[in-house]
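Here's the letter readout for the chains.
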Amino acid sequence: MGNISGKIRYVGVNDLEKVIFEGMWPLPFGVSYNSYLVIDEKIALIDTAEAGFAAEYLENIRKEIGDRKIDYLVVNHMEPDHSSLMALIRENYPDIRIIGNAKTVPMIKGYYGLADNIQVVKEGDKICLGSSTLAFYMAPMVHWPETMVTYFEEEKTLFSGDAFGTFGGVADGITDSSARLLGSTDSAADSFSAFKDEMRRYYSNIVGKYGQTVQAAMKKLSGLEIARICSTHGPVWEKNIPEVMAYYDKLSRYEGEKGVCIVYASMYGNTAKAAKALAAELEKRGVEYAIHNLCTENVSYAYRDAFKYDTIAVGAPTYNNDIFPPAYNFMYGLSARLMKNRRFAAFGSYTWAGASVKLLNEMASKLGFELISDGISFPQAYSPEKCDMAALADRI
Ligand code: FEO
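Starting from 1, residues in each chain are numbered consecutively following that chain's sequence as written. Thresholds applied to this predicted model are a pLDDT of at least 70 for local features of residues and 80 or more for the giving and counting of side-chain atom pairs; totals over whole chains, interfaces and linings are not thresholded and use all residues. Water and hydrogen atoms play no part in the side-chain values, which are based on all heavy atoms of the structure.

1. What to know about the environment of Phe-152
Alright, step 1. Helix numbers and strand numbers start at the N terminus; a helix is a DSSP run of H or I with at least 4 residues, a strand a run of E with at least 2. With respect to the secondary-structure elements, Phe-152 resides in strand S13 (residues 148-152).
Alright, step 2. Judged by its relative accessible area of 0%, Phe-152 is buried.
Alright, step 3. The sequence separation of Phe-152 and Leu-371 amounts to 219 residues, and the corresponding C-alpha distance is 47 Å.
Alright, step 4. Leave out the neighbours within four places in its chain, and Phe-152 touches Lys-7, Ile-8, Val-38, Ser-132, Thr-133, Leu-134, Thr-157 and Phe-159. The classification of residues rests on relative accessible area computed with a 1.4 Å probe and restricted to protein chains. Under 20% of the type maximum is buried, over 50% is exposed, and intermediate values are partly exposed. Pairs of residues are marked as contacts when any of their non-hydrogen atoms sit within 4.5 Å.

Written as structure tokens, this is what we have:
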């Protein structure tokens, strides 16, 4: 997948071995760790890759530049999925100068013990590789404090770090003229459609809390002419830049589209029946929805769809006079992501004292969600008479 342009080469890897990213998020289609070379009189390497890919990564680099030396390693982001091979690169290219910002330097030392031949750059600083200029812009908290982006001026190419990235390995070429989601059987119209769900899952799971700083970064980047986005995960965006930018803007403004994300957790199936009854009522009304069982599914997918739709309905029984923990964890995760701009409904069964619906409503209210009903708290077994999901669906 090497050539992106005459001067930009892809040297990243697809990871199909890792099952859970960051110890939390499933990877049904794998993930790519993207790294790039900019080749001119001097050569710059942009970010590295995950620790397990040393041999493949070095081989990818050597295929592109043979025995030439690399002059610079640009560190846009220090999270170990991109920085783990930094020490290996220094071993193989001992004269390489590491480029980072003031917040990067202690992380490089702390993670990899490297402290020499590091050049600290500030907002707008540039390095020249010959006829190629790389300019650096800070993008703090997208999604770590040291995150920055690198802009290759002559090719209007943005090396964006995790921004605009997606889960999912990349097949059939790295650019969005052909990139396909590895292992997917979907015949998506284009690369953006193929990766859109995995982009939203990545955004909601990893970056979701930082909508405000993503917005600030996007405002800053709006002053640059961008013809190509080289993220650290997923396809290189060229054709689909307007769609990708617009979608990132929407996600980071917490703007949901019409529809309902139903999320439930159930001990003996009664709250599950209520969730399915709500889904059936929405179906009858032609309202788009997604439904997630937190007891059997990783919460990753529930966050993905909570970021998609403008309404969230949460079902949880009462447990220890509190919210059944899987649903509490989901709500905690929304709170941790500073989720906003949502309509909300709660439902759930109890046996001798109902607490979950009231407490779910309180958590939702703290997030500023609009409660579309008082919620449906029902005793013991589910029945349509106890749970008027038709009335709830009417309010949606
Ligand atoms: Fe892909 Fe924040 O690392």
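2. Considerations on the nonpolar core
Alright, step 1. Buried Ala, Val, Leu, Ile, Met, Phe, Trp, Tyr and Cys residues form a nonpolar core when they are joined through side-chain atoms within 4.5 Å. The biggest cluster of nonpolar side chains holds 118 residues, and the ones touching the most others in it are Ile-61, Leu-134, Phe-164, Phe-330 and Leu-334.
Alright, step 2. All domain edges in this entry derive from an automatic or database-based domain assignment. Looking at this core, you find at least three residues from each of domain 1 (8-252) and domain 2 (257-395).
Alright, step 3. The next biggest cluster of nonpolar side chains, apart from the first, holds 22 residues, and it includes Ile-262, Leu-278, Ile-376 and Phe-378.

3. Regarding the sheet that holds strand S1 (residues 8-10)
Alright, step 1. Strands sit in the order S1-S6-S7-S8-S9-S10 across an open sheet of six strands; the sheet is mixed. The open sheet terminates on both sides in strands that have one partner only, identified here as S1 and strand S10 (118-120). Looking at each pair of strands side by side, their axes are set apart by 25° on average, direction ignored.
Alright, step 2. All axes here are fitted lines through C-alpha atoms, helices being fitted over the stretch that makes contact, and every angle between N-to-C directions spans 0 to 180 degrees. Where helix H1 (residues 54-65) meets the sheet, it contacts S1, strand S6 (36-39) and strand S7 (43-46), and its direction lies at approximately 20° from that of S6. Between any two strands, at least two bridges found by DSSP are needed for them to pair.

4. Here's the deal with the pairing of strand S17 (residues 228-231)
Alright, step 1. Of the two faces of S17, the one holding Arg-228 and Cys-230 and the one holding Ile-229 and Ser-231 are both buried throughout.
Alright, step 2. Both strand S14 (residues 157-161) and S17 contribute to a ladder of four bridges, which runs parallel. Its bridge partner being in S17, Leu-158 is matched across the sheet by Ile-229.

5. Concerning the domain arrangement of the protein
Alright, step 1. Annotation of the protein at the domain level lists domain 1 (8-252) and domain 2 (257-395).
Alright, step 2. Counting residues at the interface gives 14 residues for domain 1 and 13 residues for domain 2.
Alright, step 3. Between domain 1 and domain 2, the buried area comes to about 1,200 Å², and carbon and sulfur atoms account for 53% of it.
Alright, step 4. The largest contributions to the domain 1 side of the interface with domain 2 come from Arg-200, Ser-204 and Lys-209, which together make up 38% of the buried area.
Alright, step 5. Note on definitions: salt bridges are taken to be side-chain nitrogens of Lys or Arg within 4 Å of carboxyl oxygens of Asp or Glu. Run the count over domain 1 and domain 2 and you get two salt bridges.
Alright, step 6. With a closest N to O distance of 3.8 Å, Lys-250 and Glu-257 form a salt bridge.
Alright, step 7. The term polar contact refers here to a pair of N or O atoms within 3.5 Å; inside protein, the definition further demands a hydrogen-donor-capable atom paired with an acceptor-capable atom, and it admits residues adjacent in sequence only when both atoms are side-chain atoms. Between the two partners, domain 1 and domain 2, sit eight residue pairs in polar contact (both at pLDDT 80 or more). Accessible surface is computed with a 1.4 Å probe, and the buried area is the amount of it that two parts give up when combined, taken over both parts together.

6. Section: helix H6 (residues 211-221)
Alright, step 1. Among all positions in H6, only Gly-211, Val-214, Ala-217, Met-218 and Leu-221 are buried. Down the axis, H6 shows its buried residues gathered within 120° of arc, on one side only. Turned more than 90 degrees away from the buried face of H6, the exposed residues are Gln-212 and Lys-219. Our arc is simply the arc of the directions from the helix axis toward the C-beta atoms.

7. Some words on the sheet that holds S13
Alright, step 1. Spatially, five strands are ordered S11-S12-S13-S14-S17 in an open sheet, and the strand pairing comes out mixed. Single-partner strands in this sheet number two, and they are strand S11 (126-128) and S17. With strand direction ignored, the average angle separating the axes of adjacent strands in the sheet is 20°.
Alright, step 2. Note that strand S12 (residues 133-138) and S13 share five bridges and pair antiparallel. By the bridge assignment, Met-138 is partnered in S13 with Met-148.

8. As for the pattern of salt bridges
Alright, step 1. Evaluation of the coordinates by the stated rule reveals 24 salt bridges.
Alright, step 2. When the shortest N-O distance is used, the salt bridge between Lys-7 and Asp-40 registers 3.3 Å. Separated by 33 residues along the polypeptide, Lys-7 in the segment before S1 and Asp-40 in the loop between S6 and S7 bring together distant segments of the chain.
Alright, step 3. By relative accessible area, Asp-40 is classed as buried at 12%.
Alright, step 4. One salt bridge connects Lys-284 with Glu-281, and the closest N-O pair in it is separated by 3.1 Å. Taken together, the residues Lys-284 and Glu-281, both in helix H8 (residues 270-284) and three residues apart, mark about one turn of the helix.
Alright, step 5. The exposure class of Glu-281 is buried, given its relative accessible area of 14%.
Alright, step 6. If you follow the salt bridges from partner to partner, you end up with Asp-197, Arg-200, Arg-304 and Asp-305 in one network.

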